[in-house]
Amino acid sequence: MKLKGSEIICESLLREGVDVLFGHPGGAILPFYDALWAYPQLRHILVRHEQSAAHAADGYARMSGKPGVCVATSGPGATNLVTGIMGAKADSVPLVAITGQVARAAMGTEAFQECDICSIAAVCTKRTYLVLSAADLARTIQDAFRVAQEGRPGPVLIDVPRDVQLEEVEFEYPERPAAAEAGLSDEVLANVQKAADLINEAERPVIIAGHGIVNSRAFDELRGLAERTGIPVINTLLGLGGFPRNHPQSLGMLGMHGMYWCNMVVDQADVLIGLGMRFDDRVTGRVSGFAPHARIIHLDIEATQVGRTVPVEVPLVGDAKPVLQALLPLVRRVERPEWMASVNRLREQHPSLAIPSSDALLPQQVLTSMNEVIQNDDDAVVVTGVGQHQMWAAQYLFLNQPNSFVTSGGLGAMGFEVPAALGAQMARPGSTVWSVAGDGGFQMTLQELVTAVEEKLPVKIALFNNGYLGMVRQWQEMFFDGHIKEVPMPGPNYVKLAEAYGIPALRVEHQEDVAAALQQAQDYDGPFLIEFVVERETNVFPMVPPGGSLADTMEDPRTAAAAR
């Protein structure tokens with residue numbers, strides 16, 4: 001049958017299993033939006049800014065396991081997607097971005113709203129496609145979805161000139177190539193045996209589990225490995241939600257703002273098993289001082305990541321789930337009571353989760369109360385922004401359900417918290433989705449409150465208001481001689497703002513009011529905002545100072561003195 005290019009895009013999306021897309025229309029993409037009129041199966045979520053479309057698609061992809069789809073027009077519409085696209089690349093999230101482009105004859109003439117988005121996005125994607133014939137659209141879209149999902153997941157971008165969207169051609173969706181046999185190579189199997197031998201010989205082993213566990217859905221395999229071997233499990237920031245936090249072998253997060261005991265365990269370990277993580281700078285601190293006594297096993301789906309940052313004795317290149325399935329029968333069943341006793345002594349002597357005393361409301365107090373609410377909800381999902389509140393959420397929220405924590409890790413994009421929560425809610429409509437937001441990042445994408453109302457998305461927003469760009473202020477205080485410059489950030493009356501968008505809201509300033517407010521939000525059938533007015537200058541601890549190793553981790557001086 002003959003179809004316009006815009007209709008071919010819709011037909012192709014349906015064949016790839018797409019049912020939701022996030023976008024904002026404009027001139028160069030209007031033929032596609034006109035075609036959507038006849039495709040009610042494709043639910044379009046109108047965001048108020050294109051950056052939010054990419055973040056929402058990111059949140060949707062993480063929760064659904066399918067590629068998220070975002071749509072924008074040419075020029076500024078396309079460039080506004082770039083932050084969210086780069087965030088998806090940094091965090092290995094499958095994303096398909098579709099952008100309109102000026103007509104073919106106008107390309108290269110500096111036409112209105114023309115920009116070479118494929119060149120701009122080349123470093124932010126796994127692949128970009130400029131489609132110059134409607135006859136190529138179906139094949140291109142099929143290939144784009146394949147590339148976004150295979151190997152290390154990530155974003156792709158498809159740029160379609162306006163006249164290509166209007167061009168009529170015969171449509172036939174290509175037959176999907178048969179999936180290749182998913183077996184492990186002899187080399188990988190040999191290295192799996194080496195890894196098992198190293199684990200079986202270890203006296204002080206530790207597992208560091210990253211986002212690859214979540215992407216691979218290898219939750220049962222990780223838990224099986226930990227329980228069979230008696231090895232404690234530490235998570236990266238993006239690995240939270242990969243291992244139940246209430247498990248007795250769970251130690252929490254390591255790194256720049258990780259638990260003191262986690263950093264010391266890595267410093268003391270004799271074997272380190274890195275699973276689906278990249279040994280990035282926020283995890284390692286100074287690389288030359290990282291895990292000085294450990295022989296390292298590193299599992300990653302991308303060969304270029306293995307050994308890139310730290311020396312690796314046993315490389316395991318492949319998808320986490322089948323590799324761990326091959327490893328499990330080869331490791332011995334042990335408990336390692338002496339090692340766990342040593343770990344538990346570190347936890348007792350260095351209580352990283354102790355909350356300092358204060359007359360003002362502390363973020364840690366709010367999150368401790370939120371933790372109690374979440375523990376009673378088997379389907380809770382937490383989505384955070386970036387900054388101090390993000391680190392406190394990672395420390396104090398004990399998420400036990402698989403794939404229940406979403407944050408912008410690699411790129412660290414402020415403004416992620418609200419649109420990504422909307423995408424997560426779309427993917428998990430029966431779950432309670434909490435957006436833990438900082439007042440700085442919230443002001444970047446707060447316009448999406450109206451999207452939540454319009455689409456009836458019952459996201460709960462816990463807004464931490466300290467009137468600062470808090471993490472930047474902390475660095476200025478600690479490492480720039482206290483020169484507090486351009487970080488005080490007064491905002492609007494957030495309760496009135498929420499009410500203007502049609503969202504009920506509360507302002508909480510005292511600890512005794514926190515639990516009731518959280519429960520009220522939890523019970524409300526719709527979006528709800530709580531503004532927590534917290535102590536303005538509380539710093540995040542533990543902290544690895546700039547240039548320091550994990551062994552240099554600084555504790556909160558107020559709680560460390562009390563513990564000693």
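Heads up: the structure comes first, above all this text.
On a predicted model such as this, the values are computed, not experimentally measured, just so you know.

Engineer: Go over helix α23 (residues 514–523) with me, naming the residues and quoting the values.
Structural biologist: Among the residues of α23, those classed as buried are Val-514, Ala-517, Leu-518, Ala-521 and Gln-522. When α23 is viewed along its axis, its buried side chains cluster within an angular range of 135° and face the same direction. Facing away from the buried side of α23 by more than 90 degrees, the exposed set consists of Ala-516 and Asp-523. Where α23 is buried, its residues contact α16 (363–375), β17 (433–438), β18 (460–465), β19 (505–508) and β20 (528–533).

Engineer: For helix α21 (residues 470–479), give the residues involved together with the corresponding values.
Structural biologist: In an α-helix, one turn spans 3.6 residues, which is why side chains three or four residues apart end up on the same side. Considered for burial, the residues of α21 that qualify are Gly-470, Met-471, Arg-473, Gln-474 and Gln-476. Positive backbone phi, at 55°, marks Asp-481, one or two positions downstream of α21.

Engineer: Which residues make up the packing of aromatic side chains, and what values do they have?
Structural biologist: In this structure the tally under the stated criterion is eight aromatic pairs. With 5.8 Å between their ring centres and 75° between their planes, Phe-279 and Phe-290 make a pair best called edge-to-face. On the criterion of sequence distance, the pair formed by Phe-279 in the loop between β12 (271–275) and α13 (281–284) and Phe-290 in the loop between α13 and β13 (295–300) is long-range, its members being 11 residues apart. Accessibility assignment for this pair places Phe-279 and Phe-290 in one class, buried. For the ring pair Trp-475 and Phe-479, a centre distance of 5.2 Å and an interplane angle of 65° mean the geometry is edge-to-face. Of this pair, Trp-475 and Phe-479 both sit in helix α21, four residues apart, which is roughly one turn of the helix. Overall, Trp-475 belongs to the partly exposed group, its relative accessible area being 24%. We note Arg-245 situated over the ring of Phe-398; from NZ or CZ to the ring centre the distance is 4.0 Å. Sitting over the ring of Tyr-468, Arg-473 keeps its end group 5.6 Å from the ring centre.

Engineer: For the sheet that holds strand β9 (residues 205–209), give the residues involved together with the corresponding values.
Structural biologist: The parallel open sheet is built from six strands, whose spatial order is β11-β10-β9-β12-β13-β14. Because the sheet does not close on itself, it has two edges, and the strands there are β11 (250–253) and β14 (314–317). Averaged over all pairs of adjacent strands, the angle between their axes in this sheet comes to 15°, without regard to strand direction. As paired strands, β9 and strand β10 (residues 233–235) are joined by three bridges and run parallel to one another. When the bridges of β10 are listed, Ile-207 appears paired with Val-233. The strands that helix α9 (residues 186–201) touches are β12, β13 and β14; relative to β14, the one it contacts most, it runs at about 130°.

Engineer: Can you lay out the pairing of β19 for me, pointing to particular residues and giving the numbers?
Structural biologist: Judged from the four bridges that link them, β19 and β20 form a sheet pairing that is parallel. Residue Arg-507 lies in a different strand from β20, and its bridge partner there is Glu-531.

Engineer: Can you explain the packing of α9 against helix α14 (residues 320–327)? Please cite residues and give values.
Structural biologist: Taken N-terminus to C-terminus, the directions of α9 and α14 make an angle of 60°; their axes are 9 Å apart at the nearest point. Classified by the angle their axes make, α9 and α14 are oblique. Crossing angle aside, the handedness with which α9 passes α14 is right-handed. Here Val-188, Leu-189, Val-192, Ala-195, Ala-196 and Ile-199 of α9 lie close against α14, whose contacting residues are Val-323, Ala-326 and Leu-327. In the contact of α9 with α14, the residues fall into nine nonpolar, no polar and no charged.

Engineer: Explain empty space enclosed by the protein to me, using residue names and the numbers behind them.
Structural biologist: Overall, the coordinates contain four cavities of 30 Å³ or more when judged by the stated rule. Within this model, the largest cavity holds a volume of roughly 100 Å³. Pro-351, Ser-352, Phe-541, Asp-556 and Thr-559 are, among the 14 residues lining the largest cavity, the residues nearest its centre. Elements with a minimum of two residues in the lining of the largest cavity: α17 (388–396) and α24 (557–563).

Engineer: An account of the sheet that holds strand β6 (residues 127–130) is requested, with residue identities and associated values reported.
Structural biologist: Ordered by their spatial adjacency, six strands build an open sheet running β3-β2-β4-β5-β7-β6, and the pairing between neighbours is parallel. Each end of this open sheet is capped by a strand with a single partner; those strands are β3 (43–46) and β6. Each strand of the sheet is rotated relative to its neighbour by a mean of 20°, with strand direction disregarded. Direction of pairing for strand β5 (residues 95–101) relative to strand β7 (residues 155–161): parallel, over a ladder of seven bridges. Bridging from a neighbouring strand, Thr-99 pairs with Asp-159 of β7. Those strands touched by helix α3 (residues 50–64) are β2 (20–23), β4 (68–72) and β5, and its axis lies near 170° from that of β4.

Engineer: Let's hear about the side chain of Glu-11: which residues, and what values?
Structural biologist: By the secondary structure assignment, Glu-11 is in helix α1 (residues 5–15). Those residues in contact with Glu-11 that sit more than four places away from it in its chain are Leu-3, Tyr-39 and Phe-171.

Engineer: Tell me about unusual backbone geometry, and please be specific about residues and values.
Structural biologist: For the bond from Phe-541 to Pro-542, the omega torsion is -5°, close enough to zero to count as cis. Here Ser-92, not a glycine, exhibits a phi torsion of approximately 55°, which is positive. Positionally, Ser-92 belongs in the loop between α5 (82–90) and β5. A relative accessible area of 10% means that Ser-92 is categorised as buried. Positive phi is not limited to glycine here, since Gln-113 has a value of about 60°. Note that Gln-113 resides in the loop between β5 and α6 (117–121).

Engineer: How would you summarise the pairing of β7 if you had to cite specific residues and measurements?
Structural biologist: Burial runs high along β7: seven of the seven residues are buried. Here β7 shows two buried faces, one formed by Pro-155, Leu-157, Asp-159 and Pro-161 and the other by Val-156, Ile-158 and Val-160. The pairing of β6 with β7 spans four bridges and is parallel. Its bridge partner being in β7, Thr-128 is matched across the sheet by Leu-157.

Engineer: Hey, could you go over the nonpolar core for me, with residue numbers and the actual values?
Structural biologist: Counting 54 residues, the largest nonpolar core has Phe-22, Cys-70, Leu-81, Val-383, Phe-442 and Ile-461 as its most contacted members. At seven residues, α3 tops the list of elements feeding residues into this core. In this structure, Val-383 is in contact with Val-406, Phe-416, Glu-417, Ala-420, Ala-421, Ala-424, Val-433, Trp-434, Ser-435 and Val-436, ignoring residues within four places of it in sequence. Core analysis: the next-biggest nonpolar cluster, separate from the first, contains 35 residues, Tyr-33, Val-71, Ala-138 and Val-156 among them.

Engineer: Residue-level account of the environment of Arg-295, with values.
Structural biologist: Tracing the backbone through its elements, the reader meets Arg-295 in strand β13. If we skip the residues at most four places from it in the chain, Arg-295 touches Leu-198, Glu-201, Asp-270, Val-271, Leu-272 and Glu-313. Polar side-chain contacts of Arg-295 include one of 2.7 Å to the side chain of Glu-313.

Here is what the cut-offs are and how they apply
Counting restarts for each chain: residues are numbered from 1 in the order of the written sequence. It should be noted that, the model being predicted, local features are given only for residues of pLDDT at least 70 and side-chain atom pairs only at 80 or more, the latter also being counted only at that level, while totals for whole chains, interfaces and linings use all residues. As a rule here, side-chain values cover all heavy atoms of the structure and leave hydrogens and water aside. Note on exposure labels: buried denotes an accessible area under 20% of the residue type's maximum, exposed denotes more than 50%, and partly exposed covers the range between, all computed with a 1.4 Å probe on protein chains only. Each helix corresponds to a stretch of at least 4 residues labelled H or I by DSSP, and each strand to a stretch of at least 2 residues labelled E; elements are numbered beginning at the N terminus. In this context, the arc is that of the directions from the helix axis out to the C-beta atoms. Residue contacts are defined here by distance: any two heavy atoms, one from each residue, within 4.5 Å place the two residues in contact. Ring pairs shown here join Phe, Tyr and Trp side chains whose ring centres sit within 6.5 Å, with only the six-membered ring taken for Trp; geometry is labelled stacked below 30 degrees between planes, edge-to-face above 60, and tilted in between. We call a charge positioned above a ring when the Lys NZ or Arg CZ atom is no farther than 6 Å from the ring centre and deviates by at most 35 degrees from the ring normal. Pairing between strands requires that DSSP locate at least two bridges from one strand to the other. All axes are obtained by fitting lines to C-alpha atoms, using only the stretch in contact for helices, and the reported angles, taken between N-to-C directions, cover 0 to 180 degrees. Any angle that falls under 35 degrees is termed roughly parallel, while one over 145 is termed roughly antiparallel, one within 65 to 115 roughly perpendicular, and all others oblique. Throughout, a crossing is termed right-handed when the near helix is turned clockwise from the far one, and left-handed when it is turned anticlockwise from it by less than a right angle. All residues other than Ala, Val, Leu, Ile, Met, Phe, Trp, Tyr, Cys, Pro, Asp, Glu, Lys and Arg, Gly among them, are scored as polar; the first ten of these are nonpolar and the last four charged. Detection works on a 1 Å grid of protein atoms alone, calling trapped sets that fit a 1.4 Å probe cavities and calling open sets with protein on both sides within 12 Å along at least five of seven lines pockets, with lining residues defined by an atom within 4 Å of a point. Grid points are joined across faces, edges and corners, and a volume is the space filled by probe spheres set on the points. To define a nonpolar core, start from buried Ala, Val, Leu, Ile, Met, Phe, Trp, Tyr and Cys residues and group those joined through side-chain atoms within 4.5 Å. Any pair of nitrogen or oxygen atoms within 3.5 Å is treated as a polar contact; in protein, a donor-acceptor pairing is required on top of that, and neighbouring residues in sequence qualify only through side-chain atoms on both sides.

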